[in-house]
Amino acid sequence: MIPPRHSYLEASARARLAGILDAGTFREFCGPRARQTSPHLPALGMPVAFDDGIVVGEGRIDGRPVLIAAQEGGFMGGAIGEVHGAKLAGLIERALDIRPDAVVLLLDSGGVRLHEANAGLIAMGEIQRAVFDARAAGIALVAVIGGRNGCYGGTSIVARSCDVIIASEEGRLSISGPEVIEAVEGIEEFDARDRALVWRTMGAKHRRLIGEIDILVRDDIDAFRDAIAGHIGDSRPMDLDALEAEHARLVDRLSRFRDAADGRDVWARLGVNDPDRVSDIEADEFNALVDALEGARR
Amino acid sequence: MERLEFRFAGRADAPAASDGEALVGVVGSGNLEVMIEQVDLGGECLVTVDTSINGFVETWESVLRDFMERHRLGNVRVSINDGGATPAVVALRLDQALANLGKPPR
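Residues numbered from 1 in each chain as written. Chains lettered and ligands numbered in written order. Predicted model: local features only at pLDDT ≥ 70, side-chain atom pairs only at ≥ 80, totals over all residues. Heavy atoms only, no water.

### A look at the overall build of chain B
Within chain B one finds 2 helices and 5 strands. N-terminal to C-terminal, the α/β element order of chain B is β-β-β-β-α-β-α. A compact globule built from 106 residues would reach a C-alpha radius of gyration of about 13 Å, and chain B, at 13 Å, matches this within 12%. Structurally, chain B occupies a C-alpha span of about 35 × 30 × 20 Å along its principal axes. A buried classification covers 45% of the 106 residues belonging to chain B. (Helix = DSSP H or I, 4+ residues; strand = E, 2+ residues; numbered from the N terminus. Rg over C-alpha atoms; globule rule 2.2 N^0.38 Å. Buried < 20%, exposed > 50% of the residue type's maximum accessible area, 1.4 Å probe, protein only.)

This is the structure in structure tokens:
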């Protein structure tokens, strides 16, 4: 019998939270009844959401206390406005006071909400600072990407500043989105309608192979839950040595793949025998491939 | 944007408010979110609609009256943020919100 799967991609932010946290442990901060809605959207003739598109609160995973946020990708593409950003920054800042075993961020966002861009950009700076303060205090931050909007713009910087990133193949991670790159560089450089190209460039498998995300899971809420549970309390050092090692890795990567024209060229140079198949294989087979490649490198 | 407010008499023997709440749906094009709260309104029902589509007050009134009469509600506050949902979608979301009232969030 095939066990039932509950798609993380298809689930709402609240359903993702319910599936990831231990049953009955969630306590929401600043919930919908507080009606802390965007002060900017009504001026533009746009509807608001009671939670401004993000759910924040505390709960438990395997009995361990966590702070957790879930962006609702269905509302304005999960984009960060003033209230949404303040809720996220406030949640991460709270970690310094209560020292949870982890801060878990379920990201599903195109970045800053352009309708309230200045407030959104300031919020992004505050979130970024809160992330680094929490990491400096040794609190583990876990970023999770598997929603329809992927993780773009400032949200992608937040994700890469966390200790660990967990994603499904459906997740994408990039600063600029496909349409932005096409608009700026031209369709010959990047055809945003070529979905396979988009996934070979920004998709989670590519990001895993080049070392920008840590864990790839299948699109299943339980699979995400298990991966998150395995990294609670798993904080990585954030000091000068770590920073210099990361810079050295990036310099090395640039010289190695500078003239690669496509993700498949990169994968072939990493030692993947059949790069054309990478897009087709399931998460388990893909992870076995990654293990083999990383084992060979050691 | 248009804000609409409706008051319905509610059933005479409505149960006392129990501080329950339910939130369903997501605000997006053709979709809406519905929040139902159990509050003491002296038996009445209060509905607030914020909609991006102007000029459909009679349609909203019909859909909401039908909902109230079908379920014979009292002492509930319904709050709606609407991104242009059709009457059928609105009716389904209202029923979904009511079904979730008193259940743990899922």
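From this point, the discussion proceeds with the structure in view.
### Observations concerning the overall build of chain A
Counting its regular elements, chain A contains 11 helices and 9 strands. The C-alpha atoms of chain A give 19 Å as radius of gyration, which agrees with the globular expectation for 298 residues (19 Å, within 12%). Referenced to the eigenvectors of the C-alpha coordinate spread, the extents of chain A come out at roughly 55 × 50 × 45 Å. Per-residue burial over chain A gives 51% buried out of 298 residues.

### So, the sheet that holds strand E4 (residues 102-107) of chain A
Residue and element names in this part refer to chain A. Within the open sheet, the 7 strands sit side by side as E1-E2-E3-E4-E5-E7-E9. Their pairing is mixed. The open sheet has two edge strands with one neighbour each: strand E1 (27-29) and strand E9 (215-217). For this sheet, the mean inter-axis angle between neighbouring strands, taken without regard to orientation, is 25 degrees. Pairing geometry for strand E2 (residues 54-61) and strand E3 (residues 64-71), over 8 bridges, is antiparallel. Bridging from a neighbouring strand, Gly57 pairs with Ile68 of E3. Helix H1 (residues 13-20) contacts E1, E2, E3 and E4 of the sheet and is inclined by roughly 160 degrees relative to E3. (Pairing = 2+ DSSP bridges. Axes fitted to C-alpha atoms, helices over the stretch in contact; angles between N-to-C directions. Contact = heavy atoms within 4.5 Å.)

### Points about the interface of chain B and chain A
Counting residues at the interface gives 22 residues for chain B, matched by 17 residues for chain A. Here chain B meets chain A over a buried area of about 1,500 Å², counting both sides, of which 60% is carbon and sulfur. At the boundary of chain B and chain A, one finds 3 salt bridges. A salt bridge links Arg33(A) to Glu21(B); the nearest nitrogen and oxygen atoms lie 3.7 Å apart. In this structure, the connection of chain B to chain A is made through 5 residue pairs in polar contact (both at pLDDT 80 or more). Secondary-structure elements contributing two or more residues to the side of chain B that touches chain A are strand E2 (21-24), strand E3 (32-38) and strand E5 (76-82) of chain B. Considering each element in turn, the side of chain B that touches chain A owes the most residues, 5 residues, to E5(B). By residue class, the composition of the side of chain B that touches chain A is 8 nonpolar, 7 polar and 7 charged. (Buried area = accessible area lost by both parts, 1.4 Å probe. Salt bridge = Lys/Arg side-chain N within 4 Å of Asp/Glu carboxyl O. Polar contact = N/O pair within 3.5 Å; in protein donor to acceptor, adjacent residues only side chain to side chain. Nonpolar A, V, L, I, M, F, W, Y, C, P; charged D, E, K, R; others polar.)

### Some remarks on the pattern of salt bridges
Following the criterion strictly, the structure yields 36 salt bridges over all chains and no others. Here Glu61(B) makes a salt bridge to Arg65(B), at a shortest N to O gap of 2.9 Å. Taken together, the positions of Glu61(B) and Arg65(B), both in helix H1 (residues 57-71) and 4 residues apart, correspond to about one turn of that helix. Classification of Glu61(B) as partly exposed rests on a relative accessible area of 27%. A residue is classified by how much of its surface remains accessible, and Arg65(B), at 36% relative accessible area, is partly exposed. Each of the salt bridges in this network shares a partner with another, and the network as a whole consists of Arg33(A), Arg35(A), Glu21(B), Glu37(B) and Arg77(B).

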